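Fold and contact review
Residues per chain, in single letters:
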Amino acid sequence: MRHQKRASSKHKQILTLAIIGLLFLIVGSFALLSFKSFQDKNNEVSVTTKIPKEYTQALKHAKNYSEVMYMSKAEISKQLKIDYSNKATQYALKHLKVDYNRNALKRAQEYAESQNMSRQAIHNQLINKNTFSVKQAQYAADNVQADFNYNALVTARKYQRDLGLSPAKIREILISDDNESFTREQADYAIEHLND
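1. Observations concerning the overall build of the protein chain
Helix and strand content of the protein chain: 10 helices and 0 strands. Starting at the N terminus and ending at the C terminus, the protein chain contains elements arranged as α-α-α-α-α-α-α-α-α-α. Within the span of the protein chain, comprising 196 residues, buried residues form 31% of the whole. Residue pairs in contact within the protein chain that sit at least 24 positions apart in sequence constitute 61% of those at least 6 positions apart.

Shown next as structure tokens:
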């Protein structure tokens, strides 16, 4: 009887150990499969997030065009297409963080200070030459800081010095929409102070 109890007890222990071993085997298999699946997903992520060097270079140049040269989106695109593929250009434009109103204003300030342009001429230049949107050009024209009377006077003196034009002809050019686009008041100020 004791022998039977011992055999039965040993049999139960072996059976318990076998079940525990089987459970470890099943759990271990699932853990291994889960880890492999996790690794595969990580490898997929690293493959999909790897950005071609051409794209990162295009973005770097786009930032430079924006931050140093204050270009419009259309100008940046045109410039990038000279050196980069369409896809690299699209990537750069999509990931470029830029305030185009700010760029238009910076350009406007340069025109006002270095070329003594009128507010309207700056607006037209930003749209026609620099390809900013009408809204961006209007923002820049509305916010540019300049003494437009002074700009009209400097421009008038150039016409007098370089072309020997009469005050009446200079005034006509200053207010012409086809030329300088100063206001009548700014043109009057310039003519009044032409020979100061």
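Picking up where we left off.
2. Quick word on the pattern of salt bridges
For the structure shown, the criterion picks out 4 salt bridges. Between R107 and E75 there is a salt bridge; the shortest N-O distance is 3.5 Å. You can see R107 sitting in helix α5 (residues 100-114) and its partner E75 sitting in helix α3 (residues 73-83), a full 32 residues away along the chain. For the pair shown, R107 and E75 are each scored as buried. D188 serves as the salt-bridge partner of R171, at 2.6 Å between the closest nitrogen and oxygen. Linking R171 in helix α9 (residues 167-175) with D188 in helix α10 (residues 184-192), this pair joins segments that are 17 residues apart in sequence.

3. Some details on the packing of helix α2 (residues 53-69) against helix α4 (residues 86-95)
At a minimum axis distance of 8 Å, the contact between α2 and α4 shows a crossing angle of 50°. Relative to α4, α2 is oriented oblique. For the crossing formed where α2 meets α4, the hand is right-handed. Listed contacts from α4 to E54, Y55, A58, L59 and A62 of α2 are K87, A88, Y91, A92 and H95. Considering only residue class, the contact of α2 with α4 consists of 7 nonpolar, 1 polar and 2 charged.

4. Comments concerning the environment of K158
Position of K158 among the secondary structure elements: in helix α8 (residues 148-163). The exposure class assigned to K158 is partly exposed, which follows from its relative accessible area of 35%. With residues up to four places along the chain from it excluded, the contact list for K158 reads N116 and L163.

5. So, unusual backbone geometry
For T131, which is not glycine, the phi torsion reads 55° and is therefore positive. Within the chain, S181 stands out as a residue other than glycine whose phi angle is a positive 60°. Position of S181 relative to the elements: it lies in the loop between α9 and α10. Residue classification places S181 among the buried residues on the basis of a relative accessible area of 9%.

6. Looking at the environment of R161
Structurally, R161 can be placed in helix α8. Of the polar contacts made by the side chain of R161, one reaches the side chain of D162; its length is 3.0 Å.

7. Concerning α8
Relative to the 22 Å expected for 16 residues at 1.5 Å per residue, α8 spans 22 Å between its end C-alpha atoms, a close match to the ideal helical length. When α8 is considered as a whole, its buried residues turn out to be F148, N151, A152, L153, V154, T155, A156 and Y159. If you check the start of α8, you find a side-chain oxygen 3.2 Å away from the backbone N of N149, and it comes from D147. Following α8 by one or two positions, G164 adopts a phi angle in the positive range, close to 65°.

8. A few points about the packing of aromatic side chains
Taken as a whole, this structure holds 1 aromatic pair when the rule is applied. Between Y55 and Y91 the ring centres are 5.2 Å apart and the planes differ by 40°, which places this aromatic pair in the tilted class. Note that Y55 is positioned in helix α2 and Y91 in helix α4, a separation of 36 residues in sequence. Residue classification places Y55 among the buried residues on the basis of a relative accessible area of 18%.

Conventions used here
Residues numbered from 1 in each chain as written. Predicted model: local features only at pLDDT ≥ 70, side-chain atom pairs only at ≥ 80, totals over all residues. Heavy atoms only, no water. Helix = DSSP H or I, 4+ residues; strand = E, 2+ residues; numbered from the N terminus. Buried < 20%, exposed > 50% of the residue type's maximum accessible area, 1.4 Å probe, protein only. Contact = heavy atoms within 4.5 Å. Salt bridge = Lys/Arg side-chain N within 4 Å of Asp/Glu carboxyl O. Axes fitted to C-alpha atoms, helices over the stretch in contact; angles between N-to-C directions. Parallel < 35°, antiparallel > 145°, perpendicular 65-115°, else oblique. Left-handed = near helix turned anticlockwise from the far one by under 90°. Nonpolar A, V, L, I, M, F, W, Y, C, P; charged D, E, K, R; others polar. Polar contact = N/O pair within 3.5 Å; in protein donor to acceptor, adjacent residues only side chain to side chain. Expected span 1.5 Å × (residues − 1). Phe/Tyr/Trp six-rings, centres within 6.5 Å; stacked < 30°, edge-to-face > 60°.

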